[in-house]
Each structure stands twice: as structure tokens, then as C-alpha cells.
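Coordinate analysis (summary)
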Amino acid sequence: MSPNAALRAWVAVGIAAWLLFPWYALQDANGLLAIARTWSAAETGNGLLQATRFGKPWLLCGLAGLLVCAVAAGMAPGRRQGTVLLAGGLGGALALLASGFAIGAKGWSFDILGRLFGDLSQQQFGIGWGGALALAALVVLGAFGLARRGLFRGDLFVAAAVVSCGGLLALFIVYPVAKTLGGAFIGEDGSGALASFAGRIFNERNFGVGCLSAGVRCGVAWNTIVLGIATAASTTLLGTLMALMAERGGRRGARALNILAMLPIITPPFVVGLGLILLFGRAGVVNQLLEGVFGVTPTRWFYGGFGVWLAQTFAFTPIAFMIMRGVVQGIAPSLEEAAQTLRANAQRTFTTVTLPLLRPGLANAFLVGFIESMADFGNPIVVGGQFSVLSTEIFFAIVGAQYDQGRAASLAWLLTLFALAVFALQRWVLGRRGYTTVSGKGDSGVPMPLPKNVRRLVNAIALPWVAFTLVVYLFALVGGFVQTWGRDYTPTLAHFATAFSLEWGAFGIVWSGTAWNSFFTTVKLAAISAPLTAAMGLLIAWLLARTQFRGQNLFEFSALLAFAIPGTVLGVSYILAFNVPPFELTGTGLIIVLCFLFRNLPVGVRAGSAAFQQLDKSLDEASLMLRASTVQTLRHVTLPLLKPALVAALVYSFVRSITTVSAVIFLVTAENELATTYIIGRVGNGDYGVALAYCTVLILLMSAATALIQLLVGERRLGRRAATPITIGA
């Protein structure tokens, strides 16, 4: 294959974007396929016509950059070719972006440009498929230029991956978040003021005084930190114990455990809250039992910090379980067998060999649990009572009557700084130690069973937790099968009929149920975002684990930034950033897909990072020495060893896309209603039966989807033999 084949391919993509697709976003539903109409009106014209016929000459800078790259594609590979590619690719892309941000739907987007250059008679709207493809081609060609100049070891794929992923992270995470956080430095009169930021941060409500004294409430910042640490510790512990029980505790109940452990993650968060309230609320089963047996007067003891911690532990333990299960699977049995050969007993082998090798997974699970706790606002609102955390404060600052965007932005700064601190602590704990357990050498060892004491501890904690999971869901979901919870417990299927009824009309089946529209929209958008999230997450994890480049720490933190802020803030950030050109996405299904993708991206990155730390780099090096390309090495060597991480990323991104509320509550429209917004509407109207019936259908759907994903991806094969029973006296 020619060394310039990839360059010519991307030049062809750029030319096709200029000639075959509408440059600006089309408003009608069928506009994405309107290739034949691109030669007619200004609204549907391609890039070339927009620049030459419809008064948009500034677009020619992008076309000029593409032509420069076409010239470079005919040159011999080397630094000179890289310089030309860099000038044409990144230069053209930056010129297009600059013109896009400077010129909007009303002409100049900034007053200073109007004063300098006068009024502008032309305007432009958000870019469409033509503009997006042309911009992508220019960025990739510019990245190729960096590789030709010697960066990224001259690897075109690595250069394109780093630059493209970095650009996407900057555009869809850093840019909208920065635009929102910038409001923290703007005073009430609209002027910039550092004093406004300090006043919003360092006040008694945020940090409090004497919060450890009896009867004195802590500030919301301290509440958030303590709750985050407690939730991260409990979810990491439970997830690890369940992973050990699933992988080392015998195969009899492993499959059932995997299903039960996934229940909390495949349900909307308010189902968990409702189930816990039915159990521990003032009129719950536990309080009624205490009153009937011991005469204890029912109280609201469950509502507060303890209730929030329990709900978050319940909701986020499955994430830790998925991360830790892949790490436990990756531990090489030969290391444990070597310790036992040196006369170490099972207990000592577990504590000195097995447990230290779990450290990368433990650190990743703790980090994800802490950030999830900080970003969660549904559980604190449902069961928090008077216990306030930063996420609820931000939520009410945005959607409440006060609508104080500056206070919300200031509190979001706190969450971001807390996440950065935990991220740095995690890096310090892992240090420079190696945790490689999967190498190119064969390993036919048998995984060591859990020592008796460890097995007893695992069973004593994990099994009751699994049973508790079942109880909560039985209480919550039974509400969809009774007439009216709390008054009439007559069994009925009327709620399912209301939401999902079918009729036979003159033209066939009529989806007459009120929930079908939101159901189909949710499944479609989640199915689009899940593979994109998994692919990008694992690609970023591979870049972080196998490449070295400047700004790598900033690159990694940008990928985790979506978890460092509440989902509501991310949704508002998308509204503020993408409701004006050049990226005018508000009201479309695409903005929901993008929000799903980048909101769920950190789990794929962390799961992949934990898995890569177990894979010996010699596997990649051996493949490259045999003249395999980087893409071939990823496909045939690396990806098959990442199946647990791939399953975790696919499952998590799909089910969280279906169950998420906070991040998309401001992005949905009548045409793009989601399942969770439909359920919230029903709950707001007091129609709990239909809401819980819909939740039951979603649980069945996501259980089937999880099983299908695991079936399609399959299990990772490490060449280890299975344990065989020894028969004495045969």
C-alpha cells in the first residue's frame, strides 16, 4: 500500500463534503439525505456554491486548505510534506472555525468586529453534514502532518486518533463546560468580577463552621466530600467482593449473580428511591414492623445523609462490579501458583499476590464511585430531606425560582476541583508500579479458589446485599401491577395497556399506547450512542496506556470532566453552547446522542485503563515487529483481550442512556421525548402505576440488551485450563 494512501483517502472525503452534501444544517427531517437538492437553494447549497454563488466567500479558506493538502498528498513522505499538510489541514480548519464563531445568524457575532469592519450583510447558520465532514477531513490531514514531522513516532493512525479525540473532547466537553463555568466570574450587573466568584464560593452555606459539633449542619461542600468518600468506599468494597464471588467463588451461582448485580444499573434512579422509601420511609414496611412489634413511633429517620448514602451505594455498586470483574479475570494464575510453590498458604497468597494486583481496578472503581456520587442529584432530592449537597444546590440554582447562573457555575467549579483532587490522589496511589498480568507467554494455570476466611467474608457481605437488591425491586415494581398503591391493591394490567397498547387499524398495527413514541426514540438514540461511546472510550484508554505525548494528563482529565459536574449542568452547558452557530444543535436528536456519548465516556475510559494496565506491552510490540499496522494490532491482538472492558462500556453506556434524567432534561423536545421524561411527567401527575409499568418494561428491555451484548462480544480467552476434580481411589 502506498504511504500516501491514507492522505489521498481523506482528501477525497473532504472534496466529497464540499460537493455532495449541504454545507449548513437543514431544518426538515429529510434534509440529511437531500443530496440532489444541494444545487438549488441557498439553504441547501453545498460548500462550493455557498462560497461562490451565495455570498459566503470566507468558506474558501477551508477549500484552499484542502487543495494544499491535495498537493501534499503527491509529495514524498517527510518533514517537508508534514509542514505542507500542517499548514493546509490545521490552517484550513482553524480558519473555518474562526469564521464560524465570528459570523452568526445576525451577521457579526461580536460587537467589536462590527465596529472594526462595519455591518455585515451576510449571515450563516450552523454547519451541516458538509461542513462537519470537511472540518473533520482537514483536522485529520493536519494530524497526518504532525506525524510526518516526527511526532507520535510517525504513526499516522496514532496522530489522527490523538488530535481527533482531543478535538472532540475540547468541543463537546471543555468548550460547553468552560462557557458555563465562565459565568462564575460575572457579577449580577454583567461585569466581570473576581470578588463575585469568591463570595459565591467561600460562604457559610458552602463550607459552614463547626460542622462537627452536635446540632450544627455542615456546609454543602463538606457534605459532598464526606458523602463521596463514603459512597466510593462502599461501592468499591461491595463491587470487589461481588466480583471475587462471581469469578473465584464457584460457577454455580455466577450467572445469577451477574444478572442480580446489574439490576440497579438497568433501572431509572427514581425506582430505587421509591423502593427504598416503601421499605424505610415513614409509612414503609420497616417502620410499620417496628411500630407493631416494639411500639416505636414511625419517624423520618431514613431521610438524610444516611438515606442518600444507601441509595447511592445501591445505584453505583454495579459500576464497580463491572470494573473489578474484568480486573479479577485478568490476574494470571501462574503468579498465585508460584507463591504457593514457595510454600505460601492460600491466605498469604491472596493478601500478598492477588490483592495487590487488584490495585488498579480498586483505584479506578473508587474514582468513578466518588465522581458519580458528586454528580448525582436524583437520589439526594428523593431521599435527602434537609441534607444538601452541591449537586442539589446547583440544580435549584438553575431550575428554581432564583435562576442564579453565577452561583450554579461557582458551585460547579467546586465539583470540578474535587474531582481533580481525587484524580491526582489516584495517580499518586498507583505510582509507577507495574500491574501487568497478561503477557505474550502462555498461562494455563487454574485461578486459585478464595481462601476459606475470605470466602466467608465475601458470602457474608455480598449475598445479603444481593438479597437486599431483590427485595427493593420487588417492592418498587409491584406498584405497576396494582390498581392504586396505598389504597387499592387489586391486581391489574391496565397500566401496561395504557402505555403499550396495540390496535389493528385499516393499514395494519397501530401503536396506540401513550409510551410508544418515547420508547422508540429512546432505544434508537441509545443504540446509536452506545457503540460510539465504547469505541471512543477504549480508544482513549489505549492512547493513554500505549502512547506518550505532550498534554497527556490534560487529555485524560478532559475525558473525565463530564463526570466531574452534575448532569444538569452538562445539559445546561449544551444548551448555552450549541444553540447558536457554528454548532447549532439544540432541538435535534443529535445533541442528545452527543450528550449520551460524552456523559458516559469516562466509564469506558476507566474500564479500558484498568484492563490495559494488565496487558504486557510486548504483545503490541511483537505484532508491530511482524509488520502488522497499528490498526491490525488493535483489531487482532488488543481488542480480543479487552472484551470485559468492552462489555462494561457497551452495557453501561446503553442502559445509562435509557435511564438518565439530569443530563437530558433540558435537551428533549416534543419530537424527541425520552422514556425518563415521559415517566417523570407521569409521576408529576400522580400516575405512579403507568410510571412503574413503564419502568418494568425498561428493565426487561435492558436485561435482554445486556445479555445480547455479552453474547455478541463473548468472553475473553486467556488460554487457561479449567479446574478438574481429582478422584481418589478410582
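Before going into details, it helps to say that this report is about the structure given with it. (Residues numbered from 1 in each chain as written. Predicted model: local features only at pLDDT ≥ 70, side-chain atom pairs only at ≥ 80, totals over all residues. Heavy atoms only, no water.)

As for the pattern of salt bridges
Counted according to the given criterion, the structure contains 1 salt bridge. Here Arg-656 makes a salt bridge to Glu-372, at a shortest N to O gap of 3.2 Å. Placement of Arg-656 in helix H29 (residues 643–659) and of Glu-372 in helix H17 (residues 359–375) is noted, with a sequence separation of 284 residues between them. Residue Arg-656 is classed as buried on the basis of its relative accessible area, which comes to 19%. (Salt bridge = Lys/Arg side-chain N within 4 Å of Asp/Glu carboxyl O. Helix = DSSP H or I, 4+ residues; strand = E, 2+ residues; numbered from the N terminus. Buried < 20%, exposed > 50% of the residue type's maximum accessible area, 1.4 Å probe, protein only.)

Re unusual backbone geometry
Residue Pro-582 follows Pro-581 across a cis peptide bond; omega there is 10 degrees. Among the secondary structure elements, Pro-582 is positioned in the loop between helix H25 (567–577) and helix H26 (589–612). The residue Arg-153 is not glycine, and still its phi comes out positive at about 60 degrees. For Arg-153, a relative accessible area of 86% translates into the label exposed.

Quick notes on the environment of Ile-229
With respect to the helices and strands, the residue Ile-229 is situated in helix H10 (residues 220–248). In this structure the C-alpha to C-alpha distance between Ile-229 and Phe-370, which are 141 residues apart in sequence, comes to 6.1 Å. Sequence-distant contacts of Ile-229, defined by excluding residues within four places in its chain, comprise Phe-366 and Phe-370. (Contact = heavy atoms within 4.5 Å.)

Quick word on the side chain of Thr-313
Here Thr-313 shows up in helix H14 (residues 305–330). On the basis of relative accessible area, Thr-313 is assigned to the buried category, the value being 1%.

Describing the nonpolar core
Of all hydrophobic cores here, the largest spans 204 residues; its most connected members are Ile-540, Tyr-574 and Phe-598. Looking at this core element by element, the count peaks at 15 residues for H26. When neighbours within four sequence positions are excluded, Tyr-574 is seen to be in contact with Phe-172, Pro-176, Asn-579, Thr-586, Ile-591, Leu-594, Cys-595, Phe-598 and Leu-667. (Core = buried A, V, L, I, M, F, W, Y, C linked by side-chain atoms within 4.5 Å.)

Some words on the packing of H25 against H26
It is the contact of H25 with H26, at a shortest axis distance of 11 Å, that shows an interaxial angle of 140 degrees. Considering their axes alone, H25 and H26 lie oblique with respect to each other. By crossing handedness, the relation of H25 to H26 is classed as right-handed. Two secondary-structure elements touch here, H25 through Gly-567, Leu-570 and Tyr-574 and H26 through Ile-591, Leu-594, Cys-595, Phe-598 and Arg-599. The class makeup of the residues in the contact of H25 with H26 is 6 nonpolar, 1 polar and 1 charged. (Axes fitted to C-alpha atoms, helices over the stretch in contact; angles between N-to-C directions. Parallel < 35°, antiparallel > 145°, perpendicular 65-115°, else oblique. Left-handed = near helix turned anticlockwise from the far one by under 90°. Nonpolar A, V, L, I, M, F, W, Y, C, P; charged D, E, K, R; others polar.)

Purely spatial values, then, with no claim about function.
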